[in-house]
Amino acid sequence: MASELHLRVVTPDRTIIDRKVAGVSFQGVDGGYGILPHHAPLMTALAQAGVVQITELDGKKVDLFAADGFAQMQNNVLTLVCEAGEFAYEIDLARVKAAEAKAREKMAGLDRLSEDFLRAEASLRKALAREMLSRRGSGTGGLH
Amino acid sequence: MANLKELRGRIKSVASIAQITKAMEMVASMKLRKVQAKAQSFHPYTEEIRHMIEALASKVSGNADVPLFLQREVNTVGILGITSDRGLCGSYNSNLLFALRKQVEELQAAGKKVKFWCYGRKGYAWLTRRGYEVERFFVEPALDKADFSAARLVGKALVEAFESGMVDEARLFYSRFQSMIKFVPTNAAFLPIASIAVGQDAKKQNFELDFLLEPDATTVFNRLMPRYLETVVFDSMLQALASEHASRRMAMKGATDAATRMNKGLKKVYNRARQENITKELLDIIGGASAVS
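Residues numbered from 1 in each chain as written. Chains lettered and ligands numbered in written order. Predicted model: local features only at pLDDT ≥ 70, side-chain atom pairs only at ≥ 80, totals over all residues.

**A closer look at the overall build of chain A**
Link 1 in the chain: What chain A contains, in helices and strands, is 2 helices and 8 strands.
Link 2 in the chain: Going residue by residue from the N terminus, the α and β elements of chain A occur as β-β-β-β-β-β-β-β-α-α.
Link 3 in the chain: Taken over C-alpha atoms, the radius of gyration comes to 16 Å for chain A, in line with the 15 Å a tight globule of 144 residues would show.
Link 4 in the chain: Seen along its three principal axes, the alpha-carbon backbone of chain A occupies a region of about 55 × 30 × 25 Å.
Link 5 in the chain: Here chain A holds 144 residues, and 32% of them are scored as buried.
Link 6 in the chain: If you take every contact in chain A between residues at least 6 apart in sequence, the share linking residues at least 24 apart comes to 51%. (Helix = DSSP H or I, 4+ residues; strand = E, 2+ residues; numbered from the N terminus. Rg over C-alpha atoms; globule rule 2.2 N^0.38 Å. Buried ≥ 20, exposed ≤ 12 C-beta atoms within 10 Å, placed from the backbone. Contact = placed C-beta atoms within 7 Å.)

Have a look at this one:
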C-alpha cells in the first residue's frame, strides 16, 4: 500500500497498538495535530487528557483515550507514549463517573492555586475526556 | 519405646515443614512469573521514553533550564534502598544490605553525609537498628502491589530532595535480576542525570536527528523528565521484586529438599528401631517358649 504509517501506542502496562494505519489525529499541548503518512520528523507532548482518533486502512475510525503522553514521528513510524490509554469500548462509565464525582468533591474544598487543586483538576479533566469518548462511542448522546 | 514415639513425632513435623516450604516455593514462582510478565509489558515503554530523551538531550544540552542535570559538589548523598517486606528469602536482603553498608562506610569515610529513603520493611528495620536515620519509609502500597503511581511517588520524593538541596546526589540500591539464580546488588546513580548518550542510539536506529519540536525543546523536555525518572524507579522496583521472588523460590526449594532428605533419614532410623524392637520381642517370646517346654 502506498500511503500508510506505522502506529505504536505504548503505555506502562501494555503496548496497545502496533500496526499500520492510514492516519492519526490527536491533541498536543499546543493544539490539534493531524498526522498522515510520511509526515516530517516530529516530537511533541500530548495534552493532559485527550482523544486520539485513528483512521484505519479501510477508512474506519477508531477512538482512543490517551493521557499524559508524548508523540514522536520518525521514519514513518508514529510512537505515542502515554501514561494511560484505552479504547472507547474499554472505558467503564460507572468508574469514570465515580472519579469525576470524587475530583469535583476534592476541588470544592481546596484553594484554587494549591497543588492538590491542580491535581484534582487534572483527574477531573481525564474523567470528563473519558466520559465524552465513551458516550460518543456508544451513541448515547454526547457531542457528535 | 519412647524413642519410637519421639521419632514418629519428628517425622510428622518435618513432613509438614516440607509441605509448607513447598507451598511457599510454588507461591513465589507464581509471583515471579507475574512480575516477569509485568516487566515484559513495561519494557517497550521504558525503551520509548529513553529514545525520546536521548533524541531530545542533543537539543537542550548546555541549557541551564534543567536543574536535574547540574552536577554539584557532593556533601550529602541520598540513597533509596529497595528490599523486601518479608523474610524467608535466603540471602536476598543480607546481600543487598551488605553492599549498602560497604558503600555507606566508604561515603562516610570520605566525609559525606548519607540520607536514606527506604522501600521494604526489612531494609528499614536494618537501618534503624543500626542507628541510621531514615528520611522516609514508603509503606503504601506494599512493594508487591506497587504500580506505576508508587514509582511516581518515590521519584517525586527524590527529585524534591535533590531540588531543595537536601541531597546533592541520589542513588538507587536494589538487586538486579540477572537470571533465576543470580541477583546482583546494584548501586545505580539516579540524580543528577548523568550524560545521556546522545545520538548513539539514534544512529543505530537511523533516526533523523533533525526534527520538528513543538512547542519547544525545553517544554517537552521538562514534561518528559519526570516520566523518565519514574520509569527508572519503576524498573528498579520490578527488578528488585523479581529478585526477591526468585530468591525466595530458591531458598524454599532448598528448604523443601533438605526437609525431604531429613525425613528419609529419620524414617530409616525409625524403621531400624522398630525392627530392633520386633526382633527383641521375638527373641523374648522364643526364649520364654523354650524355657517352658
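**Brief notes about the environment of A:Asp30**
Link 1 in the chain: Mapped onto the elements of the fold, A:Asp30 is located in the loop between strand E3 (23-28) and strand E4 (31-35).
Link 2 in the chain: Note: C-alpha distance between A:Asp30 and A:Ala47 (17 residues apart in sequence) is 7.9 Å.
Link 3 in the chain: Look past the residues within four positions of A:Asp30 in its chain and what remains in contact with it is B:Glu214 and B:Pro215.

**Here we look at the pairing of strand E5 (residues 182-191) of chain B**
Link 1 in the chain: Across 9 bridges, the pairing between strand E4 (residues 169-179) of chain B and E5(B) is antiparallel. The residue of E5(B) that forms the bridge with B:Arg171 is B:Ala189. (Pairing = 2+ DSSP bridges.)

**Quick word on helix H2 (residues 92-109) of chain B**
Residue and element names in this part refer to chain B.
Link 1 in the chain: Along its 18 residues, H2 runs 26 Å from first to last C-alpha, staying within 8% of the 26 Å computed at 1.5 Å per residue.
Link 2 in the chain: Burial in H2 covers these residues: Tyr 92, Asn 93, Leu 96, Leu 97, Leu 100 and Val 104. The buried residues of H2 occupy an angular sector of 90° when projected down its axis, which confines them to one face. Counted as exposed and oriented over 90 degrees from the buried face of H2: Phe 98, Lys 102, Glu 105, Glu 106 and Ala 109.
Link 3 in the chain: Packed against the buried residues of H2 are strand E1 (76-82), strand E2 (113-119), helix H3 (121-129), E4, E5 and helix H6 (217-292).
Link 4 in the chain: Directly beyond the C-terminal end of H2, a positive phi value near 80° is found at Gly 111. (Expected span 1.5 Å × (residues − 1). Arc of directions from axis to C-beta.)

**Some words on the domain arrangement of chain B**
How big an interface is tends to be stated in terms of the accessible area lost upon association of its parts.
Link 1 in the chain: Assigned domains of chain B: these are domain 1 (2-24 + 255-292) and domain 2 (42-251).
Link 2 in the chain: Here domain 1 of chain B and domain 2 of chain B have C-alpha centroids that lie 54 Å from each other. (Domains from an automatic or database assignment.)

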